[in-house]
Amino acid sequence: MVLQLFDTATRQVREFHPARSGTASIYVCGATVQGVPHIGHVRGALNYDVLRRWLVHSGLDVLLVRNVTDIDDKILAKAAEAGRPWWEWAATHERAFEEAYAALGCLPPSAAPRATGHITQMIELIQRLIDSGHAYAAEGDVYFSVASFDDYGALSGQRMEDVQQGETQAAGKRDHRDFTLWKGSKPGEPSWPTPWGPGRPGWHLECSAMATTYLGAEFDIHGGGVDLVFPHHENERAQSMAAGDPFARYWLHNAWVTMSGEKMSKSLGNVVAIPEMLRRYRPVELRAYLIQPHYRSTIEYSDAALSESAQGYRRIEQFLRRVRGTSGEVRVGEVPAEFAAALDDDLGTPQAFAVLHNTVRDGNAALDSSSDDKALELAESVRAMVHVLGIDPLSEQWAEHTGTEAEALSTLVDGLLADRQQARADRDFAKADAIRDRLTSAGISVEDTPNGPMWTVRD
């Protein structure tokens, strides 16, 4: 089966065929680094990380560019409110985002360009648009003429009569639907020199310039959150194509993480910050929670749902460790056909996780019936699946990570099992049985193996 992806531009699922044989190119709209990242911010990065891993598994070389918006009205306002230089504020929060991505197992992007490092390319793009009649300078600003581009609205479905850019009306703007490419300088704000006067770039312009700088005039996939479809991605598409670039062949959009039905955002005050989340859950557990729902489905966040997901991940982890205890090394095998079909169907992670959990269930049943060879075969298949999903508990990355709750449980159970082993060595079988009964009543199953006792949390 060929990978199929839902393309926002055509509003249908399309077979994915890269522009250049053997290579997939992806541009993902990254963070506007105005504050500490929350789980709504990182969900998209995780979704596109899974897509990237699946493309690599399918035999493609992947170029993934994830930008950093480090100059923006919000950044300037936040920095001024805190009394700190705008560049220092942006750099501080850029590091926070990169740390969050790394903590949650995102592969490093092929490039992570900052907007402020690509002013020259932005000026060149503006000049191309002015020369072709799609942009105009006025009062120190430069605007894109929406009416000059006949295909405007094709991505988002916006009708020309309904277009509202969300920008304040300026003296030189010819049409309220036009959007800003370049903002003339204001006192106290950073600026760069241009043929139209000093100023700074508009948000939409930044991504068009950075995407084509690293991936070329035409590339495969442009990704981002569903909230970016309009105006950001509509305007990116318009200015890039008006300048003569084919631009993105597929447009992918991930849904929000919400609380109480509202998009998670700083303005709503319902933020679940990554540093706080990682004090409560292991990074791999948070990753599993955020990638299991379909990327186009909204996640309604709750502590209960995250706890349930974490318990499901621990069952995977415990099964693999159980097999390793009985059979030794568990290599990465082959993914089941059902798992591959799920991911080829518009990155169907819910179905992929269902295959994964069913395989774990069958593997535990094989262990319970002493079918160790069958259990090992299934464990190798499980490792292949969790490898693709980036949540392999036997990998070096996750083996080194423990969360407070999981670490506490492991310490307590291992300590009790050590006491039980000593009681058995002392032939105090009443004490040994009492410890086992205590663990059983707490939901811990203990199995005595040639390699020592193995414990799991019962379903």
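Everything quoted here is computed from the prediction, not taken from an experiment.

A. Spatial organisation of the packing of helix α9 (residues 303-327) against helix α12 (residues 372-389). One way to put it is that α9 packs onto α12 with a least axis distance of 10 Å and a crossing angle of 135°. Judged by the angle between their axes, α9 and α12 are oblique. In the packing of α9 onto α12, the handedness of the crossing is left-handed. Counting all contacts with α9, which are made through I316, F319, L320, V323, T326 and S327, the residues of α12 involved are D372, A375, L376, L378, A379, V382, R383 and V386.

B. Structural context of empty space enclosed by the protein. Under the criterion given, the structure shown has 3 cavities of 30 Å³ or more. Estimated volume of the largest cavity: approximately 70 Å³. As for the largest cavity, its lining consists of V28, A45, Y48, D49, R52, L64, R66, C106 and L107. Secondary structure elements with two or more residues in the lining of the largest cavity: α1 (39-57) and β4 (61-66). Here the lining of the largest cavity takes 4 residues from α1, the largest share from any one element. Split into classes, the residues belonging to the lining of the largest cavity amount to 6 nonpolar, no polar and 3 charged. Put simply, the second largest cavity is a space of about 50 Å³. Class assignment of the residues belonging to the lining of the second largest cavity gives a composition of 5 nonpolar, 2 polar and 3 charged.

C. Region of the structure containing the pairing of strand β10 (residues 247-254). Most of β10 is tucked away: 7 of the 8 residues are buried. Of the strand pairs in this sheet, strand β9 (residues 218-225) and β10 are connected by 7 bridges, and their pairing is parallel. Bridging across to β10, F219 finds its partner in A248.

D. Layout of the pattern of salt bridges. Scanning all chains against the criterion turns up 32 salt bridges. The closest approach of N and O atoms between E161 and R159, which form a salt bridge, is 3.7 Å. One salt-bridge network, in which partners are shared between bridges, spans R282, E285, R314, E317 and R321.

E. Geometry of the packing of aromatic side chains. Enumeration over the complete set of coordinates arrives at 9 aromatic pairs. Between W54 and F339 the ring centres are 6.3 Å apart and the planes differ by 80°, which places this aromatic pair in the edge-to-face class. One end of the pair, W54, is in helix α1; the other, F339, is in helix α10 (residues 337-344), and 285 residues separate them in sequence. Classification of W54 by relative accessible area gives buried; the value is 3%. Consider the rings of Y136 and Y143, whose centres lie 5.6 Å apart with planes at 35°: the pair is tilted. You can call Y136 buried: its relative accessible area is 5%. Joined through ring pairs, the aromatic side chains of F219, F247 and W251 make up one cluster. Positioned above the aromatic ring of Y250, the side-chain terminus of R14 is 4.1 Å from the ring centre. Above the plane of the ring of F6 lies R296, whose end atom (NZ or CZ) is 4.3 Å from the centre.

Thresholds applied
- Residues numbered from 1 in each chain as written.
- Predicted model: local features only at pLDDT ≥ 70, side-chain atom pairs only at ≥ 80, totals over all residues.
- Heavy atoms only, no water.
- Axes fitted to C-alpha atoms, helices over the stretch in contact; angles between N-to-C directions.
- Helix = DSSP H or I, 4+ residues; strand = E, 2+ residues; numbered from the N terminus.
- Parallel < 35°, antiparallel > 145°, perpendicular 65-115°, else oblique.
- Left-handed = near helix turned anticlockwise from the far one by under 90°.
- Contact = heavy atoms within 4.5 Å.
- 1 Å grid on protein atoms, 1.4 Å probe; cavity = no way out; pocket = protein on both sides within 12 Å on 5 of 7 lines; lining within 4 Å.
- Points joined across faces, edges and corners; volume = space filled by probe spheres on them.
- Nonpolar A, V, L, I, M, F, W, Y, C, P; charged D, E, K, R; others polar.
- Buried < 20%, exposed > 50% of the residue type's maximum accessible area, 1.4 Å probe, protein only.
- Pairing = 2+ DSSP bridges.
- Salt bridge = Lys/Arg side-chain N within 4 Å of Asp/Glu carboxyl O.
- Phe/Tyr/Trp six-rings, centres within 6.5 Å; stacked < 30°, edge-to-face > 60°.
- Lys NZ or Arg CZ within 6 Å of the ring centre and 35° of its normal.

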